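Below are the chains, spelled out letter by letter.
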Amino acid sequence: MSNKVHLGHTARKRFGQNFLTDEGVISSIVGAIAPDNDHVMIEIGPGLGALTEPVADMVDNLSVVELDRDLVERLQQHPILKDKLTINQGDALQFDFSTLQQPGKKMKVFGNLPYNISTPLMFHLFEFAEQIETMHFMLQKEVVLRLSASPGTKAYGRLTVMAQYFCQVVPVLEVPPHCFTPPPKVDSAVVRLLPYEVKPWPCKDVNVLRHLCSTAFSMRRKTLRNNLKALLSDDDFNALNIDSSMRPEQISVPQYVAMANLLCDNKK
């Protein structure tokens, strides 16, 4: 892979840029992404093209969403990539991914995500989950632990419940700091998110589930009854067979969905 793309661009603190430079890790990630022409391939934050180049090599077209205008310009002038890329300059958090849809094709989305946007970006992408086949993201290891956590652990929280409601979550590999330039101060990891074709625990209104989780986890040390007293009564908890003296991180994803569905019914 050529290094000429890497020349002269300094990583910017404000974009949270740490560029992946380890060839072995890059090829493992590309293998996990499994680029093909049967899907709309989408990269979020291509940066200096560490994943962009090898993925673009394997497909006819790659759509990228990049906020940094300097990097967009660099990609537009790149000798190999400029003919392969559909470049969308803008903020991935605001971007309407359904505009990239093609008839009969689902999306494969991937990216080495800036740490400061990873959680809100996940929530944004879950809105398009039905159009997405797979997502592969390089994240702070701690975020991957949160995505894949089990009830009763410290990492388990709002992000866990929402991610596992929409997707099967599979940690793929850990990536130490020396694989990046500049090396970040934290360990990273790659996660695979597979949106469910049919949700194992369907929710009547996902916005109600979102609100319920935010409220439940707003004060982690308090009991479920305390945190949700404005939403659910003791009778509601009894009807669902949920122990309201437990803390929010002790409650499973299906139990959160059951509470949300009861809230939907109560509203009627």
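Predicted, not measured: the structure shown is a model, and the values here were computed from it.

What counts, and where the lines are drawn
- Residues numbered from 1 in each chain as written.
- Predicted model: local features only at pLDDT ≥ 70, side-chain atom pairs only at ≥ 80, totals over all residues.
- Heavy atoms only, no water.
- Phe/Tyr/Trp six-rings, centres within 6.5 Å; stacked < 30°, edge-to-face > 60°.
- Buried < 20%, exposed > 50% of the residue type's maximum accessible area, 1.4 Å probe, protein only.
- Helix = DSSP H or I, 4+ residues; strand = E, 2+ residues; numbered from the N terminus.
- Core = buried A, V, L, I, M, F, W, Y, C linked by side-chain atoms within 4.5 Å.
- Contact = heavy atoms within 4.5 Å.
- UniProt positions renumbered as here; feature names shortened; annotations may be inferred.
- Salt bridge = Lys/Arg side-chain N within 4 Å of Asp/Glu carboxyl O.

Peer 1: Break down the packing of aromatic side chains for me, citing the residues and quoting the values.
Peer 2: Applying the stated criterion across every chain yields a total of seven aromatic pairs. The interplanar angle of 80° and the centroid separation of 5.0 Å between the aromatic rings of F95 and F97 together place this pair among those described as edge-to-face. Of the residues examined, F95 reaches a relative accessible area of 16% and is grouped as buried. On the basis of relative accessible area, F97 is assigned to the buried category, the value being 0%. Ring centres of F126 and F166 lie 5.3 Å apart, and the angle between their planes is 20°; this geometry places the pair in the stacked category. Linking F126 in helix α4 (residues 118-126) with F166 in helix α6 (residues 158-166), this pair joins segments that are 40 residues apart in sequence. Among the aromatic residues, those joined into a ring-pair cluster are F123, F126, Y165 and F166.

Peer 1: Can you tell me about the nonpolar core, naming the residues and giving the values?
Peer 2: Counting residues in each nonpolar core, the largest one holds 60 residues, and the members touching the most others are F97, F137, L209, Y256 and M259. Considering every element that reaches this core, the biggest residue donor is helix α10 (residues 253-267), with eight residues. Discounting residues that sit within four places of it in the chain, M259 has contacts with L212, L224, L228, L232, F237, L240, I242 and I251. Core analysis: the second largest hydrophobic core is formed by 23 residues, I26, V59, L75 and F110 among them.

Peer 1: Describe the UniProt feature "binding site: S-adenosyl-L-methionine" (unreviewed entry) in the protein, listing the residues and the values that go with them.
Peer 2: The positions that UniProt labels "binding site: S-adenosyl-L-methionine" (unreviewed entry) are, in the present scheme, N18, L20, G45, E66, D91 and N112. In this view, L20 contacts V25, I26, I29, A50, L51, N112, M138, V175, C179 and F180; residues no more than four positions away in its chain are not counted. Locating N112 in the fold gives a position in strand β5 (residues 107-112). Look past the residues within four positions of N112 in its chain and what remains in contact with it is N18, L20, I44, G45, M138 and F180.

Peer 1: Tell me about the pattern of salt bridges, residues and numbers included.
Peer 2: Pairing between side chains of opposite charge can happen when their charged atoms approach one another. Inspection of the entire model under this criterion finds six salt bridges. One salt bridge in this structure joins K108 and D36, with 3.0 Å as the shortest N-O distance. Within this pair, whereas K108 is found in strand β5, its partner D36 is found in the loop between α1 (23-33) and β2 (40-44), the two being separated by 72 residues in sequence. Here K108 matches D36 in class, with each residue buried. Where E174 meets K141, a salt bridge forms, and the shortest distance between an N and an O atom there is 3.3 Å.

Peer 1: Outline the UniProt feature "domain: Ribosomal RNA adenine methylase transferase N-terminal" (unreviewed entry) in the protein, supporting the account with residue identities and numerical values.
Peer 2: Within this numbering scheme, the UniProt entry marks residues 25-197 as carrying the feature "domain: Ribosomal RNA adenine methylase transferase N-terminal" (unreviewed entry). Helix makes up 29% of residues 25-197 and strand 28%, and the two end C-alpha atoms of the span are 30 Å apart.

Peer 1: How would you summarise the side chain of S63 if you had to cite specific residues and measurements?
Peer 2: In this structure, S63 sits in strand β3 (residues 62-66). For S63, the contacting residues outside a window of four places in its chain are M41, I42, E43, T86, N88 and L100.

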